[in-house]
Amino acid sequence: MFCLRILCIGDVVGSIGCDFLRSKLPALKQIKGIDFVICNGENSSDGNGITPSSAKFLFDSGVDVITLGNHTYRRKEAYDFIDENPFVVRPSNFPENLAPGVGIRNIDTGRRIISVINVMGNMCMDNNLDSAFDSIDKMLSKAESKIIIVDFHAETTSEKRAMGYYLDGKISAMFGTHTHVQTSDAQVLPNGSGYITDVGMTGTIHSVLGVKTDIIINKFKTRLPARFDLASGDCKMECAVFDIDDKTGKCISAESLRIE
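Right, let's walk through the structure included here. (Residues numbered from 1 in each chain as written. Predicted model: local features only at pLDDT ≥ 70, side-chain atom pairs only at ≥ 80, totals over all residues. Heavy atoms only, no water.)

This paragraph deals with the side chain of Ser115. Structurally, Ser115 is set in strand β7 (residues 113-120). Setting aside chain neighbours within four positions, we find Ser115 in contact with Ile104, Arg105, Asn106, Ala143, Glu144, Ser145, Ile147, Ile148 and Ile149. (Helix = DSSP H or I, 4+ residues; strand = E, 2+ residues; numbered from the N terminus. Contact = heavy atoms within 4.5 Å.)

Sheet topology note: the strand β13 (residues 235-245)/strand β14 (residues 251-259) ladder contains eight bridges and is antiparallel. Of the residues in β14, the one forming a bridge with Ala240 is Ser256. Counting the residues between successive antiparallel strands, the hairpin from β13 to β14 contains five residues, one of them, Gly249, with a positive phi of roughly 80°. (Pairing = 2+ DSSP bridges.)

Next up on the list: the sheet that holds strand β8 (residues 148-153). Within the open sheet, the six strands sit side by side as β6-β7-β8-β9-β11-β10. Their pairing is mixed. Each edge of the open sheet carries a strand with a single partner, namely β6 (104-108) and β10 (187-188). Pairing geometry for β8 and strand β9 (residues 173-177), over five bridges, is parallel. Across the sheet, residue Asp151 finds its bridge partner in β9, namely Phe175. Running over the sheet, helix α4 (residues 132-140) touches β6, β7 and β8 and is turned about 165° from β7. Sitting on the sheet, helix α5 (residues 157-167) touches β8, β9, β10 and β11 (194-196), and the angle it makes with β9 is about 165°. (Axes fitted to C-alpha atoms, helices over the stretch in contact; angles between N-to-C directions.)

Mapped onto the elements of the fold, Val65 is located in strand β4 (residues 65-67). Val65 sits in the buried class, given a relative accessible area of 0%. Along the backbone, Val65 and Glu159 are 94 residues apart, and their C-alpha atoms lie at a distance of 24 Å. (Buried < 20%, exposed > 50% of the residue type's maximum accessible area, 1.4 Å probe, protein only.)

From the geometry alone we can't say anything about function, so treat these as descriptive.
Here it is in structure tokens:
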């Protein structure tokens, strides 16, 4: 049995998170024997969103596929890039044929095809997108491989857990993103799918989701709009490693990591 080791990296926050990822990812790939890297990059540009330059920085740092989320279309300069780059996946439940990009990419690595799907949750996300469950069914029908990895970008743990069990046995692994807080439940579900509710964040440790703490505290107290300036200081890269059986597409093991 040959195991494919897939690394899934939590939301990268701004240039600080990008720089830290670049400083740690090459060694981690070598130490862990990583074959394929998926990274959520929807916050990789300073001020939220993704730009062609921040995406290029992540790719040049060793990322194979970038997934996105609710900030996908924050930066208009990225629209064409999201639409045309074959290694960028946006949430599948944005309007098909109207929103730039696609919700699944079938990546030919030379030895095998890996299908990467991105979908966004409906609960507490302030959006009117199609049902995440209906959308994921459509994407599964477009997968060209038994090796299927899903980034479920969602707010609530209940919706993520429900999606995990819904997909158990249909995919290789699902990793949750969006909350920027790593959960302690990396596991293999009963029917052979890897799972973690939220893989976490790549950015400044002493922050509120990567932003200066005083800004967020003041926003909660005053309820006034605020500019989200990135916090500085020591950083972390939170991620998960899934070992996938190359022939069956089943997950053999799941491990969460925090690199400082």
